[in-house]
Amino acid sequence: GGGRFGGGGVVVPGARQLGSPHCDDRPPGTAITLAVIHGIALPPDTFGGDGVLDLFAGVLDPTAHPYYAGIAHLRVSAHFFIRRGGALLQFVPCSQRAWHAGVSTWNGRDRCNDYSIGIELEGADHIAYAARQYTTLGRLLVALKRRYPLEAAVGHSDIAPGRKTDPGPAFDWSRLARVTGF
């Protein structure tokens, strides 16, 4: 671990590798300059289950929970998912484009998926994130900054205002800034 990357910077050692079919190649020559922080829980406000893992893997059962019927068809993923206890899971190699941002713009530049790394935190807009999540997120971002020319870490709400609200008001940006310098 310790922030060292293997495989040309595509896989993070120490992260549980799960994989997702919801990714593709980045445009040639695209530098990774943005980290996008998300919050997700499936079912909503419920932690610890496999809903997020199943959604990103493309195997979410639409009958397993009433909420799933409306989202099971989505083809979405993220590079990383950080559990409440701080466990780090990786679904997409950093060298590939994960489908996490949707219609998005940062600093006048559209298609944030092309040039960002998506990091999902197990959480909800209105529930405080766990201390261990900040620890894991901080370590991950510091390691990513060493490997890629990251310029900023922003919320999904920052790149898709009016459409997305995560990671929400419960996310402590100042705490993250103290650890990462973002």
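Below is a short write-up of the structure. (Residues numbered from 1 in each chain as written. Predicted model: local features only at pLDDT ≥ 70, side-chain atom pairs only at ≥ 80, totals over all residues. Heavy atoms only, no water.)

Of the regular secondary structure elements, the chain holds 4 helices and 10 strands. For the chain, the N- to C-terminal ordering of α and β elements is β-β-β-α-β-β-β-β-β-β-α-β-α-α. In terms of C-alpha radius of gyration, the chain reaches 15 Å, essentially the compact-globule figure of 16 Å for 182 residues. The C-alpha extent of the chain, read off along each of the three principal axes, is 40 × 35 × 35 Å. Per-residue burial over the chain gives 48% buried out of 182 residues. For the chain, the accessible area works out to roughly 8300 Å², and carbon and sulfur atoms hold 53% of it. Considering the chain, the positive charge centre built from 18 side chains and the negative charge centre built from 15 side chains are found 9 Å apart. (Helix = DSSP H or I, 4+ residues; strand = E, 2+ residues; numbered from the N terminus. Rg over C-alpha atoms; globule rule 2.2 N^0.38 Å. Buried < 20%, exposed > 50% of the residue type's maximum accessible area, 1.4 Å probe, protein only. Areas by Shrake-Rupley, 256 points an atom, 1.4 Å probe, with all protein chains shown as cover. Lys, Arg positive; Asp, Glu negative; His and termini not counted. Charge placed at Lys NZ, Arg CZ, Asp CG, Glu CD.)

Turning to the environment of Leu89, a few remarks are in order. Structurally, Leu89 is set in strand β5 (residues 88-90). In this structure, the C-alpha to C-alpha distance between Leu89 and Pro27, residues 62 residues apart in sequence, is 25 Å. Among residues more than four places away in sequence, those in contact with Leu89 are Arg16, Leu18, Leu53, His79, Phe80, Phe81 and Arg83. (Contact = heavy atoms within 4.5 Å.)

Moving on to the pattern of salt bridges. Applying the stated rule across the entire model yields 5 salt bridges. Residue Asp24 is joined to Arg97 by a salt bridge in which the shortest nitrogen-to-oxygen separation is 2.6 Å. With a gap of 73 residues between them, Asp24 in strand β2 (residues 23-25) and Arg97 in strand β6 (residues 96-98) connect regions that are remote in the sequence. The exposure class assigned to Arg97 is buried, which follows from its relative accessible area of 12%. The partner of Asp114 in a salt bridge is Arg111, with the nearest N and O atoms 3.1 Å apart. Judged by its relative accessible area of 51%, Arg111 falls in the exposed class. Look at the salt bridges and you will find they share partners, linking Asp24, Arg97, Arg111 and Asp114 into a network. (Salt bridge = Lys/Arg side-chain N within 4 Å of Asp/Glu carboxyl O.)

As a further point, take the sheet that holds strand β3 (residues 34-40). Spatial strand order, β1-β5-β4-β9-β3-β10: 6 strands in an open sheet with mixed pairing. Edge positions in the open sheet fall to β1 (16-17) and β10 (152-155), since each of these has one partner strand only. Those strands touched by helix α2 (residues 131-147) are β3, β4 (80-82), β5, β9 (116-122) and β10, and its axis lies near 170 degrees from that of β9. (Pairing = 2+ DSSP bridges. Axes fitted to C-alpha atoms, helices over the stretch in contact; angles between N-to-C directions.)

Grouped together as the largest cluster of nonpolar side chains are 23 residues, with contacts concentrated most on Phe80, Ile117, Ile119, Leu137, Leu141, Leu144 and Phe171. Every element with two or more residues in this core is listed here: β3, β4, β9 and α2. A per-element tally of this core places α2 first, with 5 residues. In this view, Ile117 contacts Arg26, Ile32, Leu34, Ala35, Val36, His79, Phe80, Cys94, His100, Leu144 and Tyr148; residues no more than four positions away in its chain are not counted. Grouped together as the second largest cluster of nonpolar side chains are 16 residues, Cys23, Leu55, Ile71 and Val92 included. (Core = buried A, V, L, I, M, F, W, Y, C linked by side-chain atoms within 4.5 Å.)

Counting buried positions along β3 gives 7 out of 7 residues, so the element sits mostly inside the fold. With burial as the criterion, each face of β3 is covered, one bearing Leu34, Val36, His38 and Ile40 and the other bearing Ala35, Ile37 and Gly39. Relative to β9, β3 is paired through 7 bridges, and the arrangement is parallel. Pairing of Val36 across the sheet is with Gly118, part of β9.

A separate point is unusual backbone geometry. Residues Leu42 and Pro43 are joined by a peptide bond in cis, for which omega reads -10 degrees. Among the structural elements, Pro43 can be located in the loop between β3 and α1 (51-57). Between Asp166 and the following residue, Pro167, the backbone shows a cis peptide bond with an omega angle of 10 degrees. Mapping Pro167 onto the fold places it in the loop between α3 (156-159) and α4 (173-180). Unlike most non-glycine residues, Asp45 shows phi in positive territory, near 65 degrees.

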